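# Coordinates in review
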Amino acid sequence: MRMTIERTLSIIKPDATRRNITGAINHRLERGGLRIIAQKRIQLSQGQAERFYEVHAGRPFYRDLVAFMSSGPILVQVLEGENAVVLNREIMGATDPVNAAPGTIRKDFAESIEANSVHGSDSPENAEEEIAFFFSTIEICP
């Protein structure tokens, strides 16, 4: 695989901020080879969550996802590194924590398939769109 420096979006979800484990999750990301180049703690309104997750609007879990993601503070961040999208997804682990590999964030910290502590972009193209949803260019450290 060709090594290329990429950026990806990471969200530490309300279940993780509620349990005060954002530092432990960031440690895993940094230890795994990713750099945090932008970060802020926010709380999404229902409308913002609906817009961010509109790709899932027709899916049965959409309403619950929107309600969950707007239920408390989240930490949104831009991660940078070699093949950052794939690397972040490996560090996070499978969406369903039952299927996540040992040592991954979701295996170690998730409460359920929905409250799985983290979100990460699934492609470089989506990463670009997701980063732009939350950050202006002036907020991202080169």
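Preceding block: the structure.
In what follows, the accompanying structure is described. Positions within a chain are numbered from 1, following the residues in the order the chain's sequence is written. For this predicted model, a pLDDT threshold of at least 70 governs which residues receive local features, and a threshold of 80 or more governs which side-chain atom pairs are given and counted, while totals over whole chains, interfaces and linings are taken from all residues. Water and hydrogen atoms play no part in the side-chain values, which are based on all heavy atoms of the structure.

## Quick word on the sheet that holds strand β3 (residues 74–82)
Threshold: Between any two strands, at least two bridges found by DSSP are needed for them to pair. Only runs of H or I of at least four residues qualify as helices and only runs of E of at least two qualify as strands under DSSP, and these elements are numbered from the N terminus. Simply put, an axis is a line fit to the C-alpha atoms, just over the touching stretch for a helix, and the angle between two N-to-C directions goes from 0 to 180 degrees. By the convention used here, residues are in contact when the closest approach between their heavy atoms is within 4.5 Å.
On the basis of which strands lie adjacent, the open sheet formed by four strands has the order β2-β3-β1-β4 and antiparallel pairing. A single partner strand is all that each edge strand has here, and the edge strands are β2 (35–42) and β4 (118–120). Ignoring which end each strand starts from, the neighbouring axes of this sheet average 20° apart. Across seven bridges, β2 lies against β3 in antiparallel orientation. Directly across from Gln-39, in β3, lies its bridge partner Gln-77. Of the strands in this sheet, β1 (5–12), β3 and β4 touch helix α5 (residues 84–92), which is tilted by about 35° from β1.

## A short note on the packing of aromatic side chains
In plain terms, the rule: We call Phe, Tyr and Trp rings a pair once their centres come within 6.5 Å, taking the six-membered ring for Trp, and we label the pair stacked below 30 degrees between planes, edge-to-face above 60, and tilted otherwise. Accessibility here uses a 1.4 Å probe with only protein chains present; expressed as a share of the type maximum, an area under 20% marks a residue as buried, one over 50% as exposed, and anything in between as partly exposed. Criterion for a charge above a ring: Lys NZ or Arg CZ within 6 Å of the ring centre, and within 35 degrees of the ring normal.
All told, the structure shown has four aromatic pairs when counted by the stated rule. With centroids separated by 4.8 Å and ring planes inclined at 90°, the aromatic side chains of Phe-52 and Tyr-53 adopt a geometry described as edge-to-face. Among the residues examined, Phe-52 registers a relative accessible area of 10% and is labelled buried. A residue is classified by how much of its surface remains accessible, and Tyr-53, at 4% relative accessible area, is buried. Between Phe-133 and Phe-134, the aromatic rings sit 4.9 Å apart at their centres with planes inclined by 75°, giving edge-to-face as the arrangement. The class of Phe-133 is partly exposed, set by a relative accessible area of 33%. By relative accessible area, which is 8% here, Phe-134 ends up buried. Site record: aromatic cluster; members linked through ring pairs are Phe-52, Tyr-53, Phe-133 and Phe-134. The ring of Phe-135 carries Lys-40 above its face, with NZ or CZ at 4.8 Å from the centroid.

## Observations regarding the pairing of β3
The element β3 is largely enclosed, with a buried count of eight among its nine residues. When β1 meets β3, the two strands line up antiparallel, connected through eight bridges. When the sheet's bridge partners are listed, Arg-7 is paired in β3 with Glu-80.

As far as function goes, none of this settles anything; it's purely spatial.
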